[in-house]
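Per-entry structural report
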Amino acid sequence: LRAGSGKGLSLKDKLDGNELDLSLCDLNEVPVRELAALPKATILDLSCNNLISLPSDFCSLMHLVKLDLSKNRLQQLPLDFGRLINLQHLDLLNNRLVTLPVSFAQLKNLKWLDLKDNPLDPVLAKVAGDCLDEKQCKQAAVKVLQHMKAIQSEQDRQRQQKLQAEREMEKKREAEQRAKEAQERELRKREKAEEKERRRREYDAQKAAKQEIEKKTKKETVHIRKPASSSRPPQRPRHKLSWSRSVLRVLLFVLFCILCTLAACKLTELQHQPLCVSVNTLYEDVVAALQNHKTLQNMLQHNSK
């Protein structure tokens, strides 16, 4: 039987109850789609064919309970072979397998296993042992499952360690990034503070320069005003001022006396006295002199005009 048209009908014809025998059919590929259409075929015999590999969708045949792949040329099984969780009997005799996929550990219902005549890894070969009778094949299934579970656990542990290391590395990178950002913020803060300090110094310098200019201007103004103030006549000492006032008072008193004498000589009966006659004569001479002086001034003013 070869993969081709009408294969579904041929497979159905080969179905005997729940057994489907496709051995000695010179198969190069597994007709997965047609097999999936026969969920009743829980026992599948693919022995003595030319199978080099199994397609990845082969693992969708989860209804399989017994599978015979002996006497093929299989070099490896699909990575998700462990999806065949209902598999109880597996014959891999006389293939070219070196290792088994880690997912093999998920075949929790596997009770029988034959791995003879495969170039197995020495550790795996030692674990599988011989499958010369029913008991040894059952022991092989148990031991291989345990071995694969240990490998799976170790891989899970390594994966967890790797994830943990990646998380630690990520945390470290985040911490370094936060430290870098904090350092950059501190640098910007320091630069900002320095800029503020620089501007403050500039402002203080400008203010000081302005004050200095104002001070110089004020000094120049004071220097300009000093000569004007120095042009004022110096104040006389207080004792000189008081002496002048005393002289003025004496003069006023003398003048008052003269006026009183003149009034007495003019208005009273004393005017005929010799003293009063002399005073009146002197008064008239003075008045005449003043009038002559006034007449002279008028003449001079008239001539000048």
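An unreviewed UniProt entry annotates the chain as Leucine-rich repeat-containing protein 59 originating from Donacobius atricapilla.

**Things to note about the pattern of salt bridges**
With the rule as written, the count across this model stands at eleven salt bridges. One salt bridge connects Arg-83 with Asp-80, and the closest N-O pair in it is separated by 3.5 Å. Residue classification places Asp-80 among the partly exposed residues on the basis of a relative accessible area of 27%. Between Glu-197 and Arg-201 there is a salt bridge, and its shortest N-O distance comes to 3.6 Å. Note that Glu-197 and Arg-201 are positioned in helix α4 (residues 134-230) at a spacing of four residues, about one turn of the helix. Overall, the relative accessible area of 30% leaves Glu-197 in the partly exposed class. Given a relative accessible area of 48%, Arg-201 falls into the partly exposed group. Salt bridges here are not isolated pairs; linked through shared partners, they connect Glu-195, Arg-198, Arg-199 and Glu-202.

**Some words on the nonpolar core**
The biggest cluster of nonpolar side chains holds 42 residues, and the ones touching the most others in it are Leu-46, Phe-58, Leu-67, Phe-81, Phe-104 and Val-144. The biggest single contributor to this core is α4, with four residues. The contacts of Leu-67, once residues within four sequence positions are left out, are Leu-44, Leu-46, Phe-58, Phe-81, Leu-87, His-89, Leu-90 and Asp-91.

**So, the state of the cysteines**
Enumeration over the complete set of coordinates arrives at one disulfide. The disulfide that involves Cys-131 links it to Cys-137, with 1.4 Å between the sulfurs. On the S-S bond that ties Cys-131 to Cys-137, the torsion sits near 100°, and the link is right-handed. Both residues of the pair, Cys-131 and Cys-137, count as buried.

**Focus: the packing of aromatic side chains**
Applying the stated criterion across every chain, the model contains one aromatic pair. When the ring of Phe-81 is compared with that of Phe-104, the centres are 6.1 Å apart and the planes differ by 5°; the resulting orientation is stacked. A residue pair is termed long-range when its members are at least 10 positions apart, and Phe-81 in the loop between β4 (66-68) and β5 (89-91) and Phe-104 in the loop between β5 and β6 (112-114) qualify at 23 residues. For the pair formed by Phe-81 and Phe-104, the shared burial category is buried.

**Some thoughts on the sheet that holds strand β3 (residues 43-45)**
Ordered by their spatial adjacency, six strands build an open sheet running β1-β2-β3-β4-β5-β6, and the pairing between neighbours is mixed. Lying at the two open borders of the sheet, with one neighbouring strand each, are β1 (15-16) and β6. With two bridges joining them, β1 and strand β2 (residues 19-21) adopt antiparallel strand pairing. Its bridge partner lying in β2, Asp-16 is registered against Glu-19.

Basis of the calculations
Residues numbered from 1 in each chain as written. Predicted model: local features only at pLDDT ≥ 70, side-chain atom pairs only at ≥ 80, totals over all residues. Heavy atoms only, no water. Salt bridge = Lys/Arg side-chain N within 4 Å of Asp/Glu carboxyl O. Buried < 20%, exposed > 50% of the residue type's maximum accessible area, 1.4 Å probe, protein only. Helix = DSSP H or I, 4+ residues; strand = E, 2+ residues; numbered from the N terminus. Core = buried A, V, L, I, M, F, W, Y, C linked by side-chain atoms within 4.5 Å. Contact = heavy atoms within 4.5 Å. Disulfide = S-S within 2.5 Å. Phe/Tyr/Trp six-rings, centres within 6.5 Å; stacked < 30°, edge-to-face > 60°. Pairing = 2+ DSSP bridges.

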